[in-house]
Amino acid sequence: MTTVGDVVEVLEAAYPPALAESWDAVGLVCGDPAERVDRVLVCVDPVESTVDEALAVEAGLVVAHHPLLLRGVHGVPASTPKGSLVHRLIRGGAGLYCAHTNADSASPGVSDALAEALGLTVVGPMDPTEDGVTGIGRICELPETEPFSAFVERVAAALPATAAGVRGAGDPNRPIRTVAVSGGAGDSYLGAVARLGVDAYVTADLRHHPASEHAAVAGAPALVDVAHWASEWPWCEQAAAILRDAFGGNVDIHVSTLRTDPWTVAAAR
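It should be emphasised that the depicted structure is a prediction, and the values quoted were computed from it without experimental measurement.

1. With respect to the packing of aromatic side chains
Turning to step 1, where the next piece is worked out: One pass over the structure, following the stated rule, counts 1 aromatic pair.
Turning to step 2, where the next piece is worked out: Residues Y15 and W235 carry aromatic rings whose centres are separated by 5.9 Å and whose planes lie at 55° to one another, so their mutual orientation is tilted. Of this pair, Y15 sits in the loop between α1 (4-14) and β1 (27-30) while W235 sits in helix α10 (residues 234-247); the two residues are 220 residues apart in sequence, bridging distant segments of the chain.

2. Remarks on the sheet that holds β1
Turning to step 1, where the next piece is worked out: Pairing is mixed across the open sheet formed by 5 strands, whose spatial order is β1-β4-β3-β2-β11. Of all strands in the sheet, those with a lone pairing partner are β1 and β11 (252-255), marking the two edges. Sheet twist, expressed as the mean angle between neighbouring strand axes with direction ignored, is 25°.
Turning to step 2, where the next piece is worked out: Judged from the 4 bridges that link them, strand β2 (residues 39-43) and β11 form a sheet pairing that is parallel. Residue pairing for β11: V40 is matched across the bridge by I253.

3. Description of the nonpolar core
Among soluble globular proteins, nonpolar side chains are generally buried collectively.
Turning to step 1, where the next piece is worked out: Counting residues in each nonpolar core, the largest one holds 49 residues, and the members touching the most others are V40, V42, L120, F151, V181, V202 and W235.
Turning to step 2, where the next piece is worked out: In terms of residue count, the dominant contributor to this core is α10 (6 residues).
Turning to step 3, where the next piece is worked out: Beyond its immediate stretch of four places on either side in the chain, V42 contacts V63, W235, C236, A239, A240, I253, H254, V255 and S256.
Turning to step 4, where the next piece is worked out: Ranked by size, the runner-up nonpolar core spans 15 residues in total, among them L41, A54, L68 and L85.

4. Digging into the side chain of S111
Turning to step 1, where the next piece is worked out: Mapped onto the elements of the fold, S111 is located in helix α5 (residues 110-117).
Turning to step 2, where the next piece is worked out: The exposure class of S111 is buried, given its relative accessible area of 2%.

5. Examining the packing of α1 against α10
Turning to step 1, where the next piece is worked out: Two numbers describe how α1 lies on α10: the axes approach to 10 Å, and their chain directions differ by 125°. Taken together, the axes of α1 and α10 lie oblique to each other. Crossing of α1 against α10: the hand is right-handed. When α1 is examined against α10, the residues D6, V7, V10, L11 and A14 are found in contact with a partner set consisting of I242, L243, A246 and F247.

6. Quick word on the pattern of salt bridges
Turning to step 1, where the next piece is worked out: A full pass over the atoms with the stated rule returns 8 salt bridges.
Turning to step 2, where the next piece is worked out: Among the ionic pairs, R138 bridges to D112, the shortest N-O distance being 3.0 Å. Here D112 lies in helix α5 and R138 lies in strand β6 (residues 135-147), a separation of 26 residues in the sequence.
Turning to step 3, where the next piece is worked out: Judged by relative accessible area, which is 1%, R138 ranks as buried.

7. Here we look at unusual backbone geometry
If a residue is not glycine, its phi is most likely negative; likewise, a peptide bond is most likely trans.
Turning to step 1, where the next piece is worked out: Following S107, the chain continues into P108 via a peptide bond in cis, with omega recorded as 0°.
Turning to step 2, where the next piece is worked out: Topologically, P108 is positioned in the loop between α4 (101-105) and α5.
Turning to step 3, where the next piece is worked out: Unlike most non-glycine residues, E58 shows phi in positive territory, near 60°.
Turning to step 4, where the next piece is worked out: Residues other than glycine seldom take positive phi values, yet D205 does so here, at roughly 60°.
Turning to step 5, where the next piece is worked out: The class of D205 is partly exposed, set by a relative accessible area of 37%.

8. Describing the sheet that holds strand β7 (residues 167-169)
Turning to step 1, where the next piece is worked out: The sheet built from 6 strands is open, its strands ordered β5-β6-β8-β9-β10-β7 with mixed pairing. Of all the strands in the sheet, just β5 (121-128) and β7 have a single pairing partner and so form its edges. Going from strand to strand, the sheet's axes swing by 25° on average, the running direction of each strand aside.
Turning to step 2, where the next piece is worked out: In this structure, β6 lies alongside strand β8 (residues 175-185), joined through 6 bridges in antiparallel fashion. Following the sheet pairing, P147 is matched in β8 by P175.
Turning to step 3, where the next piece is worked out: Sitting on the sheet, helix α6 (residues 148-158) is in contact with β6, β7, β8, β9 (200-204) and β10 (222-226), with an inclination near 125° to β6.

9. Considerations on the pairing of β9
Turning to step 1, where the next piece is worked out: The element β9 is extensively covered by neighbouring structure, given that 5 of its 5 residues are classed as buried.
Turning to step 2, where the next piece is worked out: The side-chain alternation of β9 yields two buried faces, one formed by A200, V202 and A204 and the other by Y201 and T203.
Turning to step 3, where the next piece is worked out: Pairing between β8 and β9: 4 bridges, direction parallel. The partner of V181 across the bridge, within β9, is V202.
Turning to step 4, where the next piece is worked out: Bridge count between β9 and β10: 5 bridges; the pairing is parallel. The residue of β10 that forms the bridge with Y201 is L223.

Thresholds applied
Residues numbered from 1 in each chain as written. Predicted model: local features only at pLDDT ≥ 70, side-chain atom pairs only at ≥ 80, totals over all residues. Heavy atoms only, no water. Phe/Tyr/Trp six-rings, centres within 6.5 Å; stacked < 30°, edge-to-face > 60°. Helix = DSSP H or I, 4+ residues; strand = E, 2+ residues; numbered from the N terminus. Pairing = 2+ DSSP bridges. Axes fitted to C-alpha atoms, helices over the stretch in contact; angles between N-to-C directions. Core = buried A, V, L, I, M, F, W, Y, C linked by side-chain atoms within 4.5 Å. Buried < 20%, exposed > 50% of the residue type's maximum accessible area, 1.4 Å probe, protein only. Contact = heavy atoms within 4.5 Å. Parallel < 35°, antiparallel > 145°, perpendicular 65-115°, else oblique. Left-handed = near helix turned anticlockwise from the far one by under 90°. Salt bridge = Lys/Arg side-chain N within 4 Å of Asp/Glu carboxyl O.

Everything listed is a geometric property; what it means functionally is a separate question.
So, in structure tokens, the structure goes:
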């Protein structure tokens, strides 16, 4: 019999909680560690649609990247959106485990999964911790140099489709060979990336002013901005593979394919 606690133990070996940022909230949100688990759903966001999916497939545990209760709370009444999800999970016999910035920094972690999806070879961490192996983001290489316009197309083809699509900032003909990637919001690393000497930087949630100021830096890498959810979705299969290796045929591992990107409509003129 596999329990919630067994699954948590494997996840925390792969994504050590000690790697999480001090402000983060990772770990078991709800669920009994002693409860049996026959099915697990892995997703990016613990939201209404993924909870619906988990209960529909009778998952005993939801493994999500984003925390449900990131900021301090004094209660989880069912009358609130997040409290409602907690109550629904508990009533449905499902626990919730979140691996956030610990999964970002782990090796392999979120950015390794993003790099693999893009066909890149990882060279090392973009912002390494003291061990030189873990840390936020990854420095990578393409198999062959290609123009920036083709690289943007590569990114768009590799990641799940979203309403906003993929945006690039840079000379379309610029040769691209070395790439930094960071799953999730990454504009706080623009300064560090500019000093790395890479040709391009792939991340999410880039803002107008930081991107504009970055472009004015001589030799700064071209930018590729993708949807936050899309940049982290490849991690779901990575986490699922870890659980499949650990529990074989004893636990069914499902990866959610629901698009939980909050942006649903786009218009261009």
